[in-house]
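# Inside the fold
These are the residues of each chain, in order.
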Amino acid sequence: MKRVAVILTGTALFLSTANAMATTVAQSGGGNGSEWNMQQILDGITEGGTSRVNAFEDFFRDPGDALWTTGGTGSSSATMILEIAGNSSINSFGIYDASNKGNKAPLFNGYAGEGTKVGFSFDENLRLTVANYTEQSFANYSFGSGTFGFYLDNGSETFYSDTSNNVDGFDHMVAYASQGGQVRLPGSSTYTPWLQNEYVLGFEDTFGGGDSDYNDLVLMVESVAPVPEPGTLVLLGAGFFSLAVCAKRRKSA
């Protein structure tokens, strides 16, 4: 029994260590306090004005938000909530092929107004279609896998959701999962439930992390899911395997 306890403690310690690596989200907004911080942004789209998500504690820990996949239908979308970066006129946001970070599909190029929505979907041959709902323009890209990450290009550097790809070693994206409640995105006249397959993403667009408020570009992505970190799965699998072995030994005894 003691052996099992040690194994589980080791697993928990690993997960806690991963959580400890999280980048701090600054509580003060940029622009000398004139900009909304992430909590105010989340509260601003929430019915009643108070989000159930704590913007400074509840964001995904890197590398938990590094890679993603689309929902069961293969069709997803991204809706702009806010873009207040000084580089907004040249920033480009999109998704990149997990098997080749240089293979990128832009979703928003240049400044995109609040409420702008873009759809993207994969077919059975991993051909990606991006549809701009405003202009009804379509573009096709081929990815090597159905697993992707998000990126932000500020015209000089490209920052990836997978921090290991960032030259400055900084985590430039935070992701917030639903904790229930109703939200109303820009461009919508009604509140709708914040569903489990919808995530709010916040980006820092400056090399080295800038002011770490993650409000340079904020949007909601729908019908997506984070891909579990392989190392975490291996460790958890080893823990469960050890439990099974110990249980078998006890039964044999």
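Residues numbered from 1 in each chain as written. Predicted model: local features only at pLDDT ≥ 70, side-chain atom pairs only at ≥ 80, totals over all residues. Heavy atoms only, no water.

## Let's talk about the packing of aromatic side chains
Any aromatic ring pair is given by two values, namely how distant the centres are and how the planes are angled relative to each other. Our working definition: Here the aromatic set is Phe, Tyr and Trp, taking the six-membered ring for Trp, and pairing holds for ring centres within 6.5 Å; pairs whose planes are under 30 degrees apart are stacked, those over 60 apart are edge-to-face, and all others are tilted. Numbering of helices and strands starts at the N terminus; helices are DSSP runs of H or I of at least 4 residues and strands are runs of E of at least 2. Burial classification: accessible surface area is computed with a 1.4 Å probe over protein chains only, and a residue below 20% of its type maximum counts as buried, one above 50% as exposed, and the rest as partly exposed. For a ring to carry a charge above it, either NZ of a lysine or CZ of an arginine must fall within 6 Å of the ring centroid while also lying within 35 degrees of the normal to the ring plane.
A full pass over the atoms with the stated rule returns 14 aromatic pairs. Both rings, one in F59 and one in Y176, keep their centres 6.4 Å apart while their planes meet at 75°; by these two values the pair is edge-to-face. Of this pair, F59 sits in the loop between α2 (38-44) and β1 (68-70) while Y176 is found in strand β10 (residues 173-177), placing the two residues 117 residues apart along the sequence. Seen in terms of ring centroids, F93 and F108 are 6.2 Å apart; in terms of plane orientation they differ by 25°. Their pairing is stacked. Taken together, the positions of F93 in strand β3 (residues 92-97) and F108 in strand β4 (residues 100-109) put the pair 15 residues apart, joining distant regions of the chain. F108 matches F93 in its accessibility class, with the two residues each being buried. One aromatic cluster is present, formed by F60, W68, F93, F108, F120, F122, F143, F148, F150, Y199 and F203 through successive ring pairs. Taking NZ or CZ as reference, K104 lies 5.7 Å from the ring centre of Y151, over its face.

## Points about the confidence of the model for the protein chain
Where we set the bar: A score between 0 and 100, pLDDT records how confident the predictor is in each residue. By definition, residues are in contact when any of their heavy atoms lie within 4.5 Å.
Looking at the protein chain, the pLDDT average stands at 80 and 75% of residues meet or exceed 70. Of the regions scoring below 50 in pLDDT, residues 1-21 engages in 19 contacts with residues more than four places distant in sequence or in other chains. Note that residues 231-251 has pLDDT below 50 and, in this model, 15 contacts with residues that lie over four places away or in other chains.

## Structural notes on the nonpolar core
Here is the rule: In this text, buried Ala, Val, Leu, Ile, Met, Phe, Trp, Tyr and Cys residues form a nonpolar core when linked through side-chain atoms within 4.5 Å.
In this structure, I95, F150 and L201 are the most contacted members of the largest nonpolar core, which totals 28 residues. Leaving out residues up to four positions away in the same chain, F150 has contacts with W68, F93, G94, I95, Y96, F159, Y160, S161, M173, L201, F203 and V221. In this structure, I41, I81, Y176 and L185 belong to the second largest nonpolar core, which totals 20 residues.

## What to know about the pairing of β4
To keep it simple, the criterion reads: For two strands to be treated as a pair, DSSP must find no fewer than two bridges joining them.
Relative to β4, β3 is paired through six bridges, and the arrangement is antiparallel. Bridge pairing in β4 links F93 to F108. Here β3 folds back onto β4, and the loop between the two strands holds two residues.

## What to know about the pairing of strand β8 (residues 147-153)
Counting buried residues in β8 gives five out of seven residues, a clear majority hidden from the surface. Bridge analysis of β1 against β8 gives two bridges, and the strand direction is antiparallel. Directly across from T69, in β8, lies its bridge partner T147. Summarising the sheet, β3 and β8 pair through six bridges and their orientation is antiparallel. By the bridge assignment for β8, F93 is matched with L152. Between β8 and strand β9 (residues 158-160), which pair antiparallel one after the other, the connecting turn spans four residues, and G155 there sits at a positive phi close to 95°.

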